[in-house]
Number of protein chains: 2
Amino acid sequence: MFDHVRDRVRVVEVGPRDGLQNEKKLVSTQDKEAFVQLLIQAGFHSIELTSFVKASAIPQMADAQELFSLFSSETKAQFPCLVPNMKGFETARDLGVKEIALFTASSESFNQKNIRASIEESLLRMEAVIQEAKKEGIRIRGYVSTAFYCPYEGKTSTKKLIELSEWFLERGIYEVSIGDTIGAAGPKEVWNVLEEMKQSIPVDRLAMHFHDTRGMAIANILTSLEQGIRVFDSSAGGLGGCPYAKGATGNVASEDLIYLLDKLGMEHGIKMEALIEASTFILKCIGKESTSKVYQTFSGDLDYV
Amino acid sequence: MFDHVRDRVRVVEVGPRDGLQNEKKLVSTQDKEAFVQLLIQAGFHSIELTSFVKASAIPQMADAQELFSLFSSETKAQFPCLVPNMKGFETARDLGVKEIALFTASSESFNQKNIRASIEESLLRMEAVIQEAKKEGIRIRGYVSTAFYCPYEGKTSTKKLIELSEWFLERGIYEVSIGDTIGAAGPKEVWNVLEEMKQSIPVDRLAMHFHDTRGMAIANILTSLEQGIRVFDSSAGGLGGCPYAKGATGNVASEDLIYLLDKLGMEHGIKMEALIEASTFILKCIGKESTSKVYQTFSGDLDYV
């Protein structure tokens, strides 16, 4: 173990989108902007800013256009934005979004509840968006949700997961993020699924997206690192959850991820103190406490060891 | 990784002692007995029951004699009890305690604050107790605290840790528990320290005792498993902390440990539902919430996957 000492890890901060979308208390656009500025100051170069969905579906994302427009052109390039369909894509494109994230899930039931489409229908929708995005030179990131477990179907098919990941990569998507949507995977499952995926997929095209519902996220990340994964999604303070996935609590906290990487001696470019400042700000906005033990420890007066 | 699928892990439940000793709200002897009975029903065969210390030093342990006396002779054999000095030992021996736990630390400053003795003095004290205990056929478990970090000195000496562990084993102590007292170790440090320890110490004589202060405990346990460790200390619901170690929050929760072992397919003999019942009971007694995400998830209405 631990042969990867000097490797660099890329962290995709998903707090502004995945972290906030499930929060009932609406955060003002101004506060979101301030949060994102703090994240940029903390060193993140990839921040999932928002989602171009119907306001009625996810009210927290209703200010997507306004929020995106607040940033400079250079900064905007660092913001992947979620796009559920052609309408969302067109809005994003017209605003000058440089990177979009598309998503499907390896479970039929979850897809139905989440986007009211079968897996097959979701691919058709995405196919059309991909073609348009390519014309514009817009970068595309892919998500496959319920990669290990579905809240409705239980254990999901790794075969289907691989099929969907390959579908993305064959279409020139630069990276597929593998989501443990309800945070139910354990390290051995992560090891085995990645072992299988790596048979046909280069590991540097994969990212892992863990939720920490059952406290296994850091052990799962450690296992993923051992399998060669170098990109992880996380959210400041451990914000998050999914309205369509019972029991899905927050994303793994960026603080926990960064602390693990520090402990392993791996590069990441994020400043912990500034990250905690960003989390403190957004937690105050939504009136919640962080579930991250790293946040709890270092937002107090303890030395950073 | 994960070649240890069918191995059995022994879990030492330290909730009644390490978990409660730092709680200001005194738990009645009756409630402690009920808690321990629930732990026994959950399947634990090794429960650190109490500590024979001066009541003035740790008021929560003032009922050590009364508590121990409440159990049947057969049950008592499953209770290691902490013994800080000869006086505590004599009390324990006269009561019929079958197993004692002795402790020192690899940091001079911590030993001074914790037991007002240098490391050398602590060895002298323990030497005398060990000789007496052996005469009576009493089993002995050893602890080395601050195995990775000390709250006063920072990173501690692995050489000293090994020296102290060997000291115990040379004297016929059946097992040494290696304590990350302030919960500051990371997986790579755990890997490296164990790698060094294994040069001179058989891994089956070692147990790991993690605190989850910075959320790394489960990743550290996973790493220890990979290094061949098969005994872990944990406390129901993640109770705990140390009055002499700033920033030492609870032990790793037994729920988190058991869940990890289940996820790895390893044997342990603990029933999760009954464990959660025990934790719920004691948490109610002290008026606290569990910090364990596994507890939080499964004390709700979620299916166990």
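Residues numbered from 1 in each chain as written. Chains lettered and ligands numbered in written order. Predicted model: local features only at pLDDT ≥ 70, side-chain atom pairs only at ≥ 80, totals over all residues. Heavy atoms only, no water.

1. Regarding the overall build of chain A
Summing up its helical and strand segments, chain A has 13 helices and nine strands in all. Taking 305 residues into account, the globule formula puts the C-alpha radius of gyration at 19 Å, and chain A, at 18 Å, falls close to it. Projected onto the principal axes, the alpha-carbon positions of chain A cover approximately 50 × 45 × 35 Å. Here chain A, with 305 residues, has 63% of them falling under the buried criterion. Long-range pairs, those at least 24 residues apart, make up 75% of the contacts in chain A between residues at least 6 apart in sequence. Total accessible area computed for chain A in this model is approximately 11600 Å², and 47% of it derives from carbon and sulfur atoms. (Helix = DSSP H or I, 4+ residues; strand = E, 2+ residues; numbered from the N terminus. Rg over C-alpha atoms; globule rule 2.2 N^0.38 Å. Buried < 20%, exposed > 50% of the residue type's maximum accessible area, 1.4 Å probe, protein only. Contact = heavy atoms within 4.5 Å. Areas by Shrake-Rupley, 256 points an atom, 1.4 Å probe, with all protein chains shown as cover.)

2. Concerning helix 9 (residues 187-197) of chain B
With eight of 11 residues buried, helix 9 of chain B lies mostly within the body of the structure. The complete set of buried residues in helix 9 of chain B reads P187, K188, E189, V190, W191, V193, L194 and M197 of chain B.

3. Remarks on the interface of chain B and chain A
Each side of the interface is counted separately: chain B has 37 residues, and chain A has 37 residues. For the pair chain B and chain A, the summed buried surface comes to about 3300 Å²; carbon and sulfur atoms form 69% of the total. Of all residues in chain B, the largest losses of buried area upon contact with chain A belong to K188, R214 and K293 of chain B, amounting jointly to 21% of the total for that side. At the surface where chain B touches chain A, the tally comes to four salt bridges. (Buried area = accessible area lost by both parts, 1.4 Å probe. Salt bridge = Lys/Arg side-chain N within 4 Å of Asp/Glu carboxyl O.)

4. Re the relation of the copies chain B and chain A
Each of the two chain copies can be brought onto the other by rotation about an axis and movement along it. If you rotate chain B by 180 degrees and push it 0.0 Å along the axis, it lands on chain A with an RMSD of 0.0 Å. One copy is carried onto the other by what is essentially a two-fold rotation axis. Minimal C-alpha distance to the rotation axis in chain B is attained by A219 of chain B, lying at 2.2 Å. When you check the interface residues of chain B against chain A, 100% turn up at the interface there too, and the contact is symmetric in its surfaces. (Least-squares fit on C-alpha atoms with pLDDT ≥ 70 in both.)

5. Looking at helix 10 (residues 217-226) of chain A
Residues and elements named next belong to chain A. Most of helix 10 sits out of view: nine of its 10 residues are buried. Where helix 10 is concerned, the buried positions are A217, I218, A219, N220, I221, L222, T223, S224 and L225. Looking at the residues trailing helix 10, positive phi occurs at G228, about 100 degrees.

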